[in-house]
Amino acid sequence: MKLATETKARLLRAALGVGVRTKIMGIALGLTLLLGLGVSLLLQRAFVGVLREGLEEVGIDVAENAVSDGAEPLLTRNAFALQRVAESLYRSHRDVRYVVFRDSAGHVLAHTFAGTLPPDLQKSRDLPAGRPLRVEVLDSDEGPIHDITLGAPEAGAGSVQVGVTENWLRQRVRKMTCQLVAATLAMSLLGIGAAYVLTAVLTNPIRELTEVARAASEETFDRRAQVVAEDEIGELSRAFNFMCERLGRSREEIRRKERMRLQLLQKVITAQEDERKRVARELHDHTGQQLTTLAVELKALGNAATLTEAKERAQHLRGVVAQTLSAVRGLAFELRPSILDDLGLAAAIERHVEDYQRELGVPVDFEAVGPWSNPLPAEIETTLYRICQEALTNAARHAEPTHLSVLLTRRRDSAVAIVEDEGKGFDVDAALSDHEGERHLGLFGMRERAGLVGGKLTIESRLGRGTTVFVEIPCGASTSEEKT
Ligand SMILES: Nc1ncnc2c1ncn2[C@@H]1O[C@H](COP(=O)(O)OP(=O)(O)OP(=O)(O)O)[C@@H](O)[C@H]1O
Ligand SMILES: [Mg+2]
């Protein structure tokens, strides 16, 4: 039982595992053969029925002619005349195998056999009561014979027995069956041909699509499927090509972004290294020198001979300490504006704006709207600060602005910074998709920074009208409330 189920499952798998073309051609062939053979069988049966009826009618016809032509000799028992009538009918009908005349007692008066009557026919056939006709089918060496016995119209005159063979009928049926089988085979061949063409039309584009899909899975997106017709498959091919095109473009975009990220990282590392070198140089050349001076002065103070000399040296020492302190503060501010920690983002940007305005000599409006005294998470503050810094630097470097404005807005669940310049403006899309753009990382860096804290950066610019950098970072109402 289990084995049979397994065999069935295996057969089903094997049947379903063959190609679409084989399936369709198999179905077409099976159907045409089944239909053709079924129709042939039905036609053959109907044909045989009709021909048999016709054959019996011929037999009855011949028998009627026999009793009509032989009525006289039957009455007079003229065997010679009856023999002539029998032979004449026998010769004139292709299907007639024999004609036998009998008298009313059933004795044979004349027949068409060369010798004696065959044993089957020696006994006379009794006619059914009240009917002058009896039809039965007899077996013979050459196949079934329809035996028709017809009584003469005059009572007691005798009867005639006519045998008609199915030979001719069988030949016709055989010929017709051969023609039907040939037609079925021809139809099957036609069906297979049509199925072949149909499957070629259907499966070739599918095969091509499979190839393209395989290439796409190996990240080769430049292959396209041919759109042969504007049907469903054509539509599928077109949609597939479009998908490959989009995939190829986004793959290229991802690669470009990866390259830019790498460049940005390198730039950050280099900037960090440069900054460290600068701080080390500053500490060594300036702070170190001043500490050395302090040590020397302290030693001299220790060796001061008079109080006046000691006071003078102490005075000088205070000056050196004040200078060192100011230099260290400056260094610390440059590393990370301590004002960002001390007073928060709004004040830090305001201070940067003041310095910027002084250096560039261009008016800059600054406004901070909302509860900026509640600090935001440090990474959000740093992000907004650096984005504003880069936007202002870009305006100074590229825009030749006549006026600038910086607006900070603190909303319930987000912080927004807008930096606007009335300068030259530029084509943002071109700048962002510029393949040379790998050397310009400011815009990309701004977008990356915003993305890292879940924010969104938008740049709008029109040539000759200026540029607006808009950044919004979600910061959750709880964040500000927690910190208050
Ligand atoms: N405010 C602006 N006004 C006019 N053009 C601008 C402005 N901001 C950017 N651009 C244009 O966009 C380009 C890309 O800017 P981006 O900040 O990415 O690079 P960069 O400033 O040239 O170099 P860096 O990588 O040092 O920032 C600039 O070269 C400039 O042509
Ligand atoms: Mg820049």
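Every residue gets a number counted from 1 within its own chain, in the order that chain's sequence is written. Both sets of labels track the order of writing: A upward for chains, 1 upward for ligands. Under the rules for a predicted model, residues below a pLDDT of 70 receive no local features and side-chain atom pairs below 80 are neither given nor counted, while totals for whole chains, interfaces and linings still include all residues. Side-chain metrics rest on all non-hydrogen atoms present in the structure, leaving aside hydrogens and water.

Caption draft 1: A look at the overall build of the chain. Numbering of helices and strands runs from the N terminus, with a helix taken as a DSSP run of H or I at least four residues long and a strand as a DSSP run of E at least two residues long. Looking only at helices and strands, one finds 14 helices and ten strands in the chain. This radius of gyration counts C-alpha atoms alone. The globule rule is 2.2 Å times how many residues there are, raised to the power 0.38. Computed over the C-alpha atoms, the radius of gyration of the chain is 58 Å, more than 25% above the 23 Å expected from 2.2 N^0.38 for a compact globule of 484 residues. With the principal axes as the frame, the chain shows a C-alpha extent of 195 × 55 × 45 Å. Categorising residues by exposure relies on relative accessible area from a 1.4 Å probe, with only protein chains included: less than 20% of the type maximum marks a residue as buried, more than 50% marks it as exposed, and the intermediate range marks it as partly exposed. In the chain, which comprises 484 residues, the share counted as buried stands at 35%.

Caption draft 2: Local environment of the site of ligand 1. What surrounds ligand 1 is a group of 17 residues, the closest being Asn394, His398, His440, Leu441 and Leu443. For this analysis, a polar contact is any N or O atom pair within 3.5 Å, provided that within protein one partner can donate a hydrogen and the other can accept it, and provided that sequence-adjacent residues contribute only side-chain to side-chain pairs. Note that an oxygen atom of ligand 1 is positioned 2.9 Å from one of the side-chain N or O atoms of asparagine 394. Here, Shrake-Rupley sampling with a 1.4 Å probe gives the accessible areas, and only protein chains in the shown set may cover a residue. Across the complex, the protein chains shield 85% of the 590 Å² of accessible surface that ligand 1 would expose by itself. Of all elements in the fold, only α11 (378–399) and α13 (442–452) reach the threshold of two or more residues within the shell around ligand 1. Considering each element in turn, the shell around ligand 1 owes the most residues, six residues, to α11. Partitioned by chemical class, the residues of the shell around ligand 1 number six nonpolar, six polar and five charged. Neighbouring residues are identified by heavy atoms, a residue being near a molecule or strand if any of them is within 4 Å of it. Any residue outside Ala, Val, Leu, Ile, Met, Phe, Trp, Tyr, Cys, Pro, Asp, Glu, Lys and Arg is labelled polar, Gly included; the first ten of those are nonpolar and the last four are charged.

Caption draft 3: Representation of the sheet that holds strand β6 (residues 364–369) within the structure. On the basis of which strands lie adjacent, the open sheet formed by five strands has the order β6-β7-β8-β10-β9 and mixed pairing. Each end of this open sheet is capped by a strand with a single partner; those strands are β6 and β9 (456–462). Ignoring strand direction, the axes of neighbouring strands in this sheet form an average angle of 10°. Two strands form a pair only when DSSP identifies at least two bridges running between them. The sheet contact formed by β6 and strand β7 (residues 404–410) spans six bridges and is parallel. In the sheet register, aspartate 365 faces β7, and the bridge partner there is serine 405. Throughout, an axis means a line fitted to C-alpha atoms (over the contacting stretch in the case of helices), and angles, computed between N-to-C directions, take values from 0 to 180 degrees.

Caption draft 4: The side chain of asparagine 394, seen in detail. Along the polypeptide, asparagine 394 turns up in helix α11. Asparagine 394 gets classed as buried once you look at its relative accessible area, which sits at 16%. Those residues within four positions of asparagine 394 in sequence are excluded, and the remaining contacts are Ala399, Leu443 and Met446. Here, residues are in contact when the closest pair of their heavy atoms is within 4.5 Å.

Caption draft 5: How the structure looks around the pattern of salt bridges. In the sections that follow, a salt bridge refers to a side-chain nitrogen of Lys or Arg positioned within 4 Å of a carboxyl oxygen of Asp or Glu. One pass over the structure, following the stated rule, counts 20 salt bridges. For arginine 313, the salt bridge is made with glutamate 297, and the minimal N-O distance between the two is 3.5 Å. Taken together, the residues arginine 313 in helix α8 (residues 307–335) and glutamate 297 in helix α7 (residues 232–302) connect sequence positions 16 residues apart. Residue glutamate 297 is classed as buried on the basis of its relative accessible area, which comes to 13%. Notably, a salt bridge pairs glutamate 400 with lysine 424, separated by 4.0 Å at the nearest N-O pair. Here lysine 424 lies in the loop between β8 (414–421) and α12 (428–433) and glutamate 400 lies in the loop between α11 and β7, a separation of 24 residues in the sequence. When its relative accessible area of 60% is taken as the criterion, glutamate 400 is described as exposed. Among the ionic contacts, a cluster of salt bridges with common partners joins Arg52, Glu166 and Arg170.

Caption draft 6: Expanded view of the sheet that holds strand β4 (residues 145–151). Strand order in the open sheet formed by five strands is β2-β1-β5-β4-β3, and the pairing between neighbours is antiparallel. The strands lining the two open edges of the sheet, one partner per strand, are β2 (108–111) and β3 (133–138). Within the sheet, the average angular offset between the axes of one strand and its neighbour, ignoring direction, is 20°. Of the strand pairs in this sheet, strand β1 (residues 96–102) and β2 are connected by three bridges, and their pairing is antiparallel. Bridging across to β2, arginine 102 finds its partner in valine 108. Lying over the sheet, helix α4 (residues 79–92) contacts β1 and β2, oriented at roughly 160° with respect to β1.

Caption draft 7: Quick peek at the packing of α7 against α8. Relative to each other, α7 and α8 sit at 165°, their axes nearing to 9 Å. With respect to α8, the axis of α7 lies roughly antiparallel. Considering how the two elements wind past one another, α7 and α8 form a crossing that is left-handed. In terms of residue class, the contact of α7 with α8 is made up of 15 nonpolar, seven polar and six charged. For this classification, under 35 degrees means roughly parallel, over 145 means roughly antiparallel, 65 to 115 means roughly perpendicular, and everything else is oblique. Should the near helix be turned counterclockwise from the far one by less than a right angle, the crossing is left-handed, whereas a clockwise turn marks it as right-handed.

Caption draft 8: Seen up close, the domain arrangement of the chain. Boundary definitions for the domains trace back to an automatic or database domain assignment. Segmenting the chain into domains produces domain 1 (19–173) and domain 2 (343–483). Once you take the C-alpha centre of each, domain 1 and domain 2 turn out to be 113 Å apart.

Caption draft 9: The coordination of the magnesium ion (ligand 2), seen in detail. Donor selection uses N, O and S atoms within 2.8 Å of the metal (3.2 Å for Na, K and Ca). Since no water is included, sites may look incomplete. Protein-derived ligands of the magnesium ion (ligand 2) are Glu390 (OE) and Asn394 (OD1), with the metal-ligand distances lying across 2.1 to 2.2 Å. Of this pair, glutamate 390 and asparagine 394 both sit in helix α11, four residues apart, which is roughly one turn of that helix.

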